[in-house]
Amino acid sequence: MYVYLNRIKRFRDILKHRNIDAALIVPGPNLRYFIGYKVEALERLLILLISSQFKDLNLIVPMLEYERAKSINIKDLNIINYSDEEDPYRTLTNLLKDLKAYKVGVEGSMPFRIAYKLLKGGFNLVEIDDLIYSMRITKDNYEIEMLRKASRVNEEAIREGFRNLKSSISEKELKRIIEERAEELGAEEIPFCIVQSGPNTAIPHAESSNRKIELGDVVLFDVGVRVEGYVSDITRTIVLGEPRSRHRLIYNIVKRAQEKAIEMVRPGVEAETIDLAARNLIEAEGYGKYFIHRTGHGLGLEIHEEPYIRIGNRTVLKEGMVFTIEPGIYIPGEFGVRIEDDIVVTKDGYENLTKLSKDISEIS
Ligand code: CO
Ligand code: CO
């Protein structure tokens, strides 16, 4: 497919520029990014070799993956399979030598058992995560379309959660309803689905519990949904029944902070500026010490990736970057509020992929 060949060509240019002879890619998001192959990382060696000089791509797979690997439709991809009696590391090192590859780029996530064999074989290994992220950090139109699709599924799943919210349903029951709906709508995976209620909302990322939700509780939904590789990550906070004035007060500060940060998004702005927009507003309202995390993170093939929206990140925003904006206020023992949307940087501003209502009493 053209999109993959194009990525590999750009990647080769980057490798050449850095004088790296070849790159090795293990199962995970980068393998999916370069050849569209989704495969579980197991103990048997499975690895893609991209040479910077030669245009053949080599994929070493165990015999039992061969059939699936053959369906990858990419020009110049050689699939080399091995049986359990063979030593795939010997195949790999011979291949590297044939390709005159001695300086070899590897991912930080490469298992040490593979790296160790290569080091013992005399290869010079360099970490290339930043080179790959420099490509993945901006999304093309196809990727943005998948992120849009994932948002639609996620929103519909959260709406199903809203519809089923009633007193005495447990957090876990609600979580299962949301997950089931996301699956019905075509989610490939639901990497996480957090439903919290009452004082649990003050603990960011606590697991859903068996706590039964009561009238007057704050309820927080933070759901991740993967569609064709790409992830949506949305948080909504609502109140079951009539919100108290304190709920409304805190909610409106978070909502204003979130909207202010979103409005700052455009090419040329530094990532930390977006964080500070939300943070300064929450601090000015006197709740700074209750905003205990960064404002957001990049989204794509991974739930957390570059660019991170935090103080100290001077990365300049560019068209095609995608990230969350999710400020929160968490008051221990009371309740917490977080609102999270997925934002794309466009040519002259932003597109908010998240269309779900931000009304504190939205239950329809
Ligand atoms: Co989230
Ligand atoms: Co998030």
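Just so we're clear, the structure is a prediction, and the values are computed from it rather than from any experiment. (Residues numbered from 1 in each chain as written. Chains lettered and ligands numbered in written order. Predicted model: local features only at pLDDT ≥ 70, side-chain atom pairs only at ≥ 80, totals over all residues. Heavy atoms only, no water.)

Some points on the coordination of the cobalt ion (ligand 1)
Defined as follows: Only nitrogen, oxygen and sulfur atoms within 2.8 Å of the metal, or 3.2 Å for Na, K and Ca, are treated as donors, and water is left out, so sites may look incomplete. When four donors show all angles between 85 and 135 degrees the site is tetrahedral, when four or six donors have opposite pairs over 155 degrees and all other angles between 65 and 115 it is square planar or octahedral respectively, and in every other case it is irregular. Secondary structure elements are taken from DSSP: a helix is a run of H or I of four residues or more, a strand is a run of E of two residues or more, and numbering for both begins at the N terminus. A simple rule labels every residue: compare its accessible area, found with a 1.4 Å probe on the protein chains alone, to the largest value its type can have, and call it buried under 20%, exposed over 50%, or partly exposed in between.
Of the protein atoms, only Asp-222 (OD), Asp-222 (OD), Asp-233 (OD) and Glu-340 (OE) coordinate the cobalt ion (ligand 1), at distances of 2.1 to 2.7 Å. Classification of the site at the cobalt ion (ligand 1) rests on its four donor atoms, whose angles at the metal span 53 to 142°, yielding the label irregular. Binding-site remark: the cobalt ion (ligand 1) is held by donors from one chain whose sequence spacing is D-x10-D-x106-E. Between the cobalt ion (ligand 1) and the cobalt ion (ligand 2), a separation of 3.0 Å is found, and both are coordinated by Asp-233. With Asp-222 in strand S8 (residues 218-227) and Glu-340 in the loop between strand S14 (335-338) and strand S15 (341-345), this pair connects stretches of sequence that are 118 residues apart. Residue class for Asp-222 comes out buried when judged on its relative accessible area of 1%.

Details of the packing of aromatic side chains
Applied cut-off: Two rings from Phe, Tyr or Trp (for Trp, the six-membered ring) form a pair when their centres are within 6.5 Å of each other. A pair whose planes differ by under 30 degrees is stacked, one over 60 is edge-to-face, and the rest are tilted. Only Lys NZ and Arg CZ are tested; either one counts as a charge over a ring when it is within 6 Å of the ring centre and within 35 degrees of the ring normal.
Summed over all chains, the structure comprises six aromatic pairs. Between Tyr-33 and Phe-34 the ring centres are 5.3 Å apart and the planes differ by 75°, which places this aromatic pair in the edge-to-face class. With respect to class, Tyr-33 is no different from Phe-34; both count as buried. Each ring, one from Tyr-102 and one from Phe-123, has its centre 6.3 Å from the other, and the planes form 15°; the classification is stacked. On the criterion of sequence distance, the pair formed by Tyr-102 in the loop between helix H4 (88-98) and strand S5 (103-106) and Phe-123 in the loop between helix H5 (112-120) and strand S6 (124-127) is long-range, its members being 21 residues apart. Judged by relative accessible area, which is 44%, Tyr-102 ranks as partly exposed. The rings of Phe-11, Tyr-33 and Phe-34 are connected pair by pair, giving a single aromatic cluster. A cation sits over an aromatic face here: Arg-7 above Tyr-33, 4.2 Å from the ring centre. Taking the ring centre of Tyr-89 as reference, the NZ or CZ of Lys-117 above it sits at 4.1 Å.

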